[in-house]
Each structure stands twice: as structure tokens, then as C-alpha cells.
Amino acid sequence: MEKGQHLRLLISDTTGSSAAYKFIGFATDLTFHLSATMEDSSTKDSSDADGNVWQENEITARTGDIQFGGLVAVGTDADAKKFKDIVDGVSDDIVYWKIAAVSGANNRVIGKTICSGEGKISNCQADAQAGQRATYSGTLNIYGPVTVGND
Amino acid sequence: MALKKLLGSNFRVVEGSAVIAQATACQVTVSGNMESARTKDTPNGYDQEQMVSKQWSAQVTTIDASVTTLRKYITLFNTQNSGQSSSGYAGLAIGFDETSGTNNSDLEHSTDIEHSGVALLNDISLQANNRTTCQLQLQFTGNGPLA
């Protein structure tokens with residue numbers, strides 16, 4: 001990242017272009033993970049000049065998930081209600097997510113999008129300490145393709 | 001008597017002809033797929049294994065990956081298709097070598113440790129915590145020989 005810039009996870013109940021994207025929650029901590037399932041595609045006649053047989057592989061499937069922490073609601077009361085529905089709804093509902101570079105005061109200026117997509121929150125934990133606003137942590141399972149940002 | 005030079009201190013993973021930048025850790029693993037060759041008349045009951053094939057993998061952990069770099073590897077992950085046998089896509093040319101200087105970004109490198117091959121990017125992990133720079137980890141699985 002450029003100096004002073006960080007990555008942040010944004011979630012929304014609607015999709016949209018980067019300019020129109022209205023997010024209702026963002027997380028400060030994230031681990032984004034993509035993994036490919038590999039299958040041995042070697043045949044009995046694959047070998048190098050020295051006679052060694054080397055395994056060859058094919059990608060047969062892709063999976064992804066995002067571990068998030070420090071997720072808080074932002075926006076209006078109506079947005080907070082939507083946010084509540086999302087985080088309460090460890091369900092089959094689709095959540096729209098985006099990972100973007102942020103900067104500026106309190107890192108609330110959203111810059112370029114790294115990637116975005118759809119997902120489902122498979123677990124969510126609220127942490128509400130005395131004198132502090134609640135934050136949420138959990139797992140968002142990526143549902144379908146990951147779109148790379150081009151803004 | 002002078003000590004022999006300890007190799008591997010500037011070990012790095014390269015993609016094509018360019019180093020994978022900002023690496024903090026590099027790992028390359030070569031392993032053999034073994035098959036038991038024990039028969040009923042093998043003495044003493046000890047197994048006798050033979051190597052039927054080999055495979056290799058590489059892992060790089062980097063800090064401060066740029067937006068461009070992150071997009072590049074996610075795009076690669078999305079677009080790489082099946083292996084050589086069906087689609088013609090072999091993978092990304094990567095290798096590992098050792099720099100001759102003290103800086104891992106030196107263009108010149110030692111040929112004491114130098115290998116290369118084609119690999120598929122099979123795992124991306126991006127960690128970005130509050131008040132820290134993001135850390136990117138890439139895992140490659142070798143697709144065919146390591147030369």
C-alpha cells in the first residue's frame with residue numbers, strides 16, 4: 001500500500017458501481033483468502049530429460065473466505081437497521097462485499113477497489129465492552145466469482 | 001582455513017525475470033511421491049519404497065503489496081485455467097535463486113542456487129489489520145518439472 005493507506009472491508013446489502021456503492025458497515029481487520037483445489041493431471045508418460053516424472057496439476061475448483069474483525073455500522077438509522085439484518089442474519093442471505101484501499105482522516109476516504117463480490121456470513125460474534133460501541137467479527141464465505149477492481 | 005560461504009542467505013523467489021518484491025519469507029519444497037515396492041518375499045518385513053514421481057511448490061510472503069500487485073495476483077488466480085493437458089495453459093514461470101549482493105532486489109544473481117519451473121497460483125492470503133500494513137502470501141504449486 002502507498003504510505004498512509006490501508007485496506008478495509010466494506011459490506012452492503014446492495015451492489016453497485018464504485019461511485020454509487022453505498023456501504024453500511026466496514027471492518028478494520030481482515031484476512032482475505034482464496035484457494036484453488038488441485039487435481040493431479042500427470043500421465044504415465046510425463047517425464048523430464050533425466051527421466052524424472054514430475055507431477056502436473058489442474059485447477060478443478062476455487063473457494064474463498066474473508067475473516068473480518070472490528071466491523072462497525074455506518075450511515076443513517078435506516079442503514080443501521082439494514083446492517084443489523086445482515087449481521088444478525090447468519091443465514092443464506094447474500095451480502096455484497098468489497099475490499100478497498102482507504103486513506104484520509106480516520107481512514108474513511110475510500111480509494112481504489114482491490115476486489116469485490118458476493119458472500120454469506122457464516123458466523124458472526126458481537127463484542128460490546130462497557131463504554132465502547134459494539135464491533136463484530138466473523139467469517140464471510142465468498143459466494144461466486146471475485147471481481148477485480150478497475151477504478 | 002576460511003569458512004565456506006553459507007549459501008541461501010539471499011534466497012528469493014522470482015517471477016519470470018523479476019523478483020517478487022518486498023518478500024519477507026520464501027519457501028520452496030520438493031517432495032517425492034513414494035510407492036511401496038514390498039513383495040511377499042521381501043526380507044525382515046521392512047518396507048521398500050520407490051519414488052514414482054516428484055512435485056514442487058513455492059511460497060512467498062510479502063509486505064506492502066500495492067493495489068496494482070494485489071489486483072494482478074487476484075486476476076491471475078481468476079484466469080488461470082486447467083493444467084497443460086487440457087487447455088494449453090501451463091502456469092506462471094517462477095524460479096528461485098540467490099542474489100550476489102546484500103540486497104534481494106539486485107538484478108545480478110548467483111548461479112550457485114538457481115532453479116526454475118512453471119507453477120499454478122493455488123492460494124492467496126491477504127492480511128490487513130488495523131494500523132498495520134497489509135501482508136500478502138502467495139502459494140504456487142509446480143506444474144511439471146523443476147529445472
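Caption draft 1: Inspection of the overall build of chain A at higher detail. Looking only at helices and strands, chain A features 1 helix and 7 strands. Going from the N terminus to the C terminus, chain A shows its helices and strands as β-β-β-β-α-β-β-β. Going through the 151 residues of chain A one by one, you find that 36% of them count as buried. In chain A, the share of contacts with a sequence separation of at least 24, taken over all contacts with a separation of at least 6, comes to 59%.

Caption draft 2: Examining the overall build of chain B more closely. Counting its secondary structure elements, chain B contains 2 helices and 7 strands. Moving toward the C terminus, one meets the helices and strands of chain B in the order β-β-β-β-α-α-β-β-β. With 147 residues in all, chain B has 29% of them scored as buried. A sequence separation of at least 24 residues applies to 61% of the contacts in chain B between residues at least 6 apart.

Caption draft 3: Seen up close, the nonpolar core. Leu9 and Leu30 of chain A are the most contacted members of the largest nonpolar core, which has 54 residues in total. Sorting elements by how many residues they give to this core places strand E6 (residues 109-128) of chain B first, with 7 residues. Those residues in contact with Leu9 of chain A, other than ones at most four positions away along the chain, are Phe26, Ala27, Leu30, Ile66, Phe68, Trp97 and Ile99 of chain A.

Caption draft 4: The arrangement of the interface of chain B and chain A in detail. The interface of chain B with chain A comprises 37 residues on the first partner and 32 residues on the second. Sorting the residues of the side of chain B that touches chain A by element identifies strand E4 (49-63), helix H1 (67-79), helix H2 (84-87), E6 and strand E7 (135-146) of chain B as the ones contributing at least two each. The element contributing the most residues to the side of chain B that touches chain A is E6 of chain B, with 8 residues. Per-class residue counts for the side of chain B that touches chain A are 11 nonpolar, 22 polar and 4 charged.

Caption draft 5: Local environment of the environment of Ser57 of chain B. All names here are of chain B. Its place among the elements puts Ser57 in strand E4. As a C-alpha pair, Ser57 and Leu138 span 81 residues in sequence and 11 Å in three-dimensional space. In this structure, Ser57 is in contact with Thr29, Gln139, Phe140, Thr141 and Gly142, ignoring residues within four places of it in sequence.

Caption draft 6: Fine view of the environment of Ala65 of chain B. Residues and elements named next belong to chain B. Relative to the helices and strands, Ala65 resides in the loop between E4 and H1. What makes Ala65 buried here is the crowd of 25 C-beta atoms within 10 Å. Expressed as a C-alpha distance, the spacing of Ala65 and Leu126, which sit 61 residues apart in the sequence, is 9.4 Å. Those residues in contact with Ala65 that lie beyond four places of it in its chain are Gln22, Leu70, Cys134 and Leu136.

Caption draft 7: Quick look at the environment of Trp56 of chain B. Residue and element names in this part refer to chain B. Relative to the helices and strands, Trp56 is located in strand E4. With 21 C-beta atoms counted inside 10 Å, the residue Trp56 sits in the buried group. C-alpha of Trp56 to C-alpha of Asp41: the two residues are 15 residues apart in sequence and 34 Å apart in space. Setting aside residues up to four positions removed in sequence, Trp56 forms contacts with Val28, Thr29, Val30, Gly117, Gly142 and Leu146.

Caption draft 8: Highlighting the confidence of the model for chain B. Averaged over every residue, the pLDDT of chain B is 79; residues scoring 70 or more account for 76%. Confidence estimates for the predicted assembly give a pTM of 0.82 and an ipTM of 0.82.

Caption draft 9: Summary view of the confidence of the model for chain A. Chain-level pLDDT for chain A is 80 on average; 80% of the residues reach the 70-or-more range. Summarising per-element confidence for chain A, the mean pLDDT is lowest in helix H1 (residues 77-88) of chain A (69) and highest in strand E3 (residues 29-40) of chain A (91).

Cut-offs and rules
Residues numbered from 1 in each chain as written. Chains lettered and ligands numbered in written order. Predicted model: local features only at pLDDT ≥ 70, side-chain atom pairs only at ≥ 80, totals over all residues. Helix = DSSP H or I, 4+ residues; strand = E, 2+ residues; numbered from the N terminus. Buried ≥ 20, exposed ≤ 12 C-beta atoms within 10 Å, placed from the backbone. Contact = placed C-beta atoms within 7 Å. Core = buried A, V, L, I, M, F, W, Y, C linked by C-beta atoms within 7 Å. Nonpolar A, V, L, I, M, F, W, Y, C, P; charged D, E, K, R; others polar. pLDDT = per-residue confidence, 0-100.

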